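# Report on the structure
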Amino acid sequence: MNGSLKFPQKLSERKYALLTGTLLLTSSGLITRVLGFFYRIFLSRTIGAEGLGVFNLLHPVFGVCFALCAGSIQTAISQSVAANVRKGRSIFRTGLIISLAISTVLAYVIIQFKNFIAVNILMEPRCEGLLTFIAVSVPCAAIHACINGYYYGMQRPKVPAAAQVAEQAIRIGAVFLIADIMIESGIEITVHLAVMGHLIGEIASSLYTVVAHRFFPPKIPQGITETAASFRETAPDLMHLALPLMGNRLVLNVLASTEAILIPSRLKMSGLSDSGAFSVYGVLTGMALPFILFPSTIFNSLAVLLLPTVAKAQSEGNERRIGTAISMSLRYCLYVGILCIGIFTLFGNDLGVSVFKDKTAGTYMTILAWLCPFLYLVTTLGSILNGLGRTSVTFVQNTVALMVRLSFVFFGIPKFGILAYLVGALVSEVLLALMYVLTLRKKVDFVWNAWDMVVKPAFLMILSIGIYFAVFSAADPFQGMPLFIKTALHIAVLSGIYLVLLAFAHIFKREKPEQN
């Protein structure tokens, strides 16, 4: 037992690729999220909460298009290339052709029927003029999604990681420049600014990945000879993987889009004005949720790389590696999730006021804090299930969870306001996480220790909060600083205490058998 706790002196090539890839994607994701926070702060103060609400209402259109032409094909490319590196380049080209064809058709449909979509589907006429920007961004998203899928399949995440940062940096820089010109010219800043930023970011990301692929294509591993294959040869197998994912993601995106579209209209039924409903929706989706989702950068990166890794382990019949991946995901999702519960319940209000000048955003954060462990579990475990080929299972379970949340939106919001949505989100994520764990338990043998993964970190979090209050009740060295900096330093102290206690607990566990 003691020997199993020791790290090998040298990591295997696969483990090294997974570790370095996760760290790279996490680093780029963190940079992107940090830049994104400043961007959202800027938007919240220029177009306001109502403007954010209108802008976020456009996301369902883009999400449905992405599910049809990009997301599913990216995943299929990643899985296919990981399982058959020899034909990797041919698989990528086939996926890119299919994705571009579908995305072009979708862009045309959006432009042609933008009035119908805005008035009859989104139920907000102000969206009509903005949909053209969304339409043009769809083919750009398809291009960089396919290229990223190719690099992920080859376990070469440097280009996708850099593309994330480039997209966000260029978007923010362009929006700041456009806003500055508009202010100097006396032009009113509206939601068009945010939509232009979305389009500029997608164009930048697609151009970057195209140039990178042209000059720095992923190298074939040594000892493997590349084999060319025709479109007719690769398309059937690729679409065999992509079509179920496409159907699943389409249904899920339609349900999620229905939720996003219904929230403002049901808020109006609860007694809010049109402006008030979009303001509440904007605060929730543009301010509170981004903070809650910030730590998921780590698990999104891990999930992207786990999918091809698990798919390859399954093709090799290596169940032990799959079990290890599941146990690792459970452990670290719960560790970080429990830490985030402590952070957002204690400091949510201060974060809302200091960052967005909005106390309501802080209130939502304190309620949504309990989502954290389940959100992170769903991200990684869902990726593992997809890597195992259980896409139909994840589809059914996600559909059930979304239907639960929709029922809270449809029946709860008119009576209880936005609180009904917050409760529904928690109930649906807990249900989905439990379903994922139980499904994996039947499929793969993995280590699950409730004491070690839940009770211990929860106890250490409570102990950390107690130590934190004991330290700062005597004196606060950060008193007098700006609220945001003061809050950030307090969060850093609490996190440091928790991580130190967690490290000591692991050292004690490791040394205990030796003492006996």
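Note that the structure is a prediction, hence the values are computed from the model and not measured. (Residues numbered from 1 in each chain as written. Predicted model: local features only at pLDDT ≥ 70, side-chain atom pairs only at ≥ 80, totals over all residues. Heavy atoms only, no water.)

### Here we look at the overall build of the chain
The line we're drawing: For helices the rule is a DSSP run of H or I covering at least 4 residues; for strands it is a run of E covering at least 2, with both sets numbered from the N terminus onward. The contact rule is simple, with two residues in contact once any of their heavy atoms fall within 4.5 Å. To be clear on the numbers: accessible area is Shrake-Rupley with a 1.4 Å probe, and residue cover counts the displayed protein chains and nothing else.
When helices and strands are tallied, the chain shows 18 helices and zero strands. When contacts within the chain are restricted to residue pairs at least 6 apart in sequence, long-range pairs at least 24 apart make up 83% of them. Split by element, the accessible area of the chain, about 23,600 Å² in all, is 67% carbon and sulfur.

### Describing the nonpolar core
Soluble globular proteins tend to pack their nonpolar side chains together in the buried interior. Spelled out, the test is: As used here, the term nonpolar core means buried Ala, Val, Leu, Ile, Met, Phe, Trp, Tyr and Cys residues forming a set that is joined through side-chain atoms within 4.5 Å. Each residue's exposure class comes from its accessible area (1.4 Å probe, protein chains only) as a fraction of the maximum for that residue type: buried when under 20%, exposed when over 50%, partly exposed otherwise.
By size, the foremost hydrophobic cluster in this structure holds 141 residues, and its most contacted members are Leu-58, Leu-122, Ile-326, Phe-344, Tyr-364, Leu-368 and Leu-381. It is helix α12 (residues 319-356) that provides the largest number of residues to this core, a total of 15 residues.

### Observations concerning unusual backbone geometry
Backbone geometry places Met-123, a non-glycine residue, at a positive phi of 60 degrees. Here Met-123 is to be found in the loop between α5 (114-121) and α6 (131-153). A residue is classified by how much of its surface remains accessible, and Met-123, at 41% relative accessible area, is partly exposed.

### Looking at the side chain of Asn-148
Assignment of secondary structure puts Asn-148 in helix α6. If near-sequence neighbours (up to four positions away) are discounted, Asn-148 is found in contact with Gln-74, Pro-160 and Thr-209.

### Remarks on the packing of aromatic side chains
Here the distance between the centres and the angle between the planes together describe a pair of aromatic rings. The condition is simple: Any Phe, Tyr or Trp ring, taking Trp's six-membered ring, that has another such ring centre within 6.5 Å forms a pair; planes under 30 degrees apart are called stacked, those over 60 apart edge-to-face, and the others tilted. Should the NZ of a Lys or the CZ of an Arg lie within 6 Å of a ring centre and within 35 degrees of the ring normal, that charge is described as sitting over the ring.
Applying the stated criterion to the full structure yields nine aromatic pairs. Pairing Phe-410 with Phe-411 gives two aromatic rings, centres 5.1 Å apart and planes at 80 degrees, and the pair type is edge-to-face. Here Phe-411 falls in the exposed class, since its relative accessible area comes to 60%. The rings of Phe-347, Tyr-468, Phe-469, Phe-472 and Phe-478 are connected pair by pair, giving a single aromatic cluster. Here the basic side chain of Arg-126 rests over the ring of Phe-278, its NZ or CZ set 5.4 Å away from the ring centre. The ring of Phe-215 carries Arg-214 above its face, with NZ or CZ at 5.4 Å from the centroid.

### What about the state of the cysteines?
Under the convention used in this document: The term disulfide is used for any two cysteine sulfur atoms that are within 2.5 Å.
What the rule picks out here adds up to zero disulfides. Looking at Cys-65, it has no disulfide partner, and the nearest cysteine sulfur is the one in Cys-69, 6.5 Å off. Since its relative accessible area comes to 5%, Cys-65 is described here as buried. With no disulfide of its own, Cys-146 lies closest to Cys-69 among cysteine sulfurs, the gap being 8.2 Å. On the basis of relative accessibility, which here comes to 0%, the residue Cys-146 falls in the buried class.

### Let's talk about the packing of helix α3 (residues 59-83) against helix α9 (residues 231-269)
For clarity, the cut-off: Lines fitted to C-alpha atoms define the axes, with helix axes restricted to the stretch in contact, and inter-axis angles between N-to-C directions lie between 0 and 180 degrees. Small angles under 35 degrees read as roughly parallel and large ones over 145 as roughly antiparallel, with 65 to 115 read as roughly perpendicular and the rest as oblique. Each crossing gets its hand from how the near helix is turned against the far one by less than a right angle, where anticlockwise is left-handed and clockwise is right-handed. Residue polarity follows a fixed list, in which Ala, Val, Leu, Ile, Met, Phe, Trp, Tyr, Cys and Pro are nonpolar, Asp, Glu, Lys and Arg are charged, and the others, Gly among them, are polar.
Interaxial distance between α3 and α9 falls to 8 Å at its minimum, and their mutual angle equals 150 degrees. By the angle between their axes, α3 is roughly antiparallel relative to α9. Where α3 crosses over α9, the handedness of that crossing is right-handed. Residues belonging to the contact of α3 with α9 are distributed by class as follows: 15 nonpolar, eight polar and one charged.

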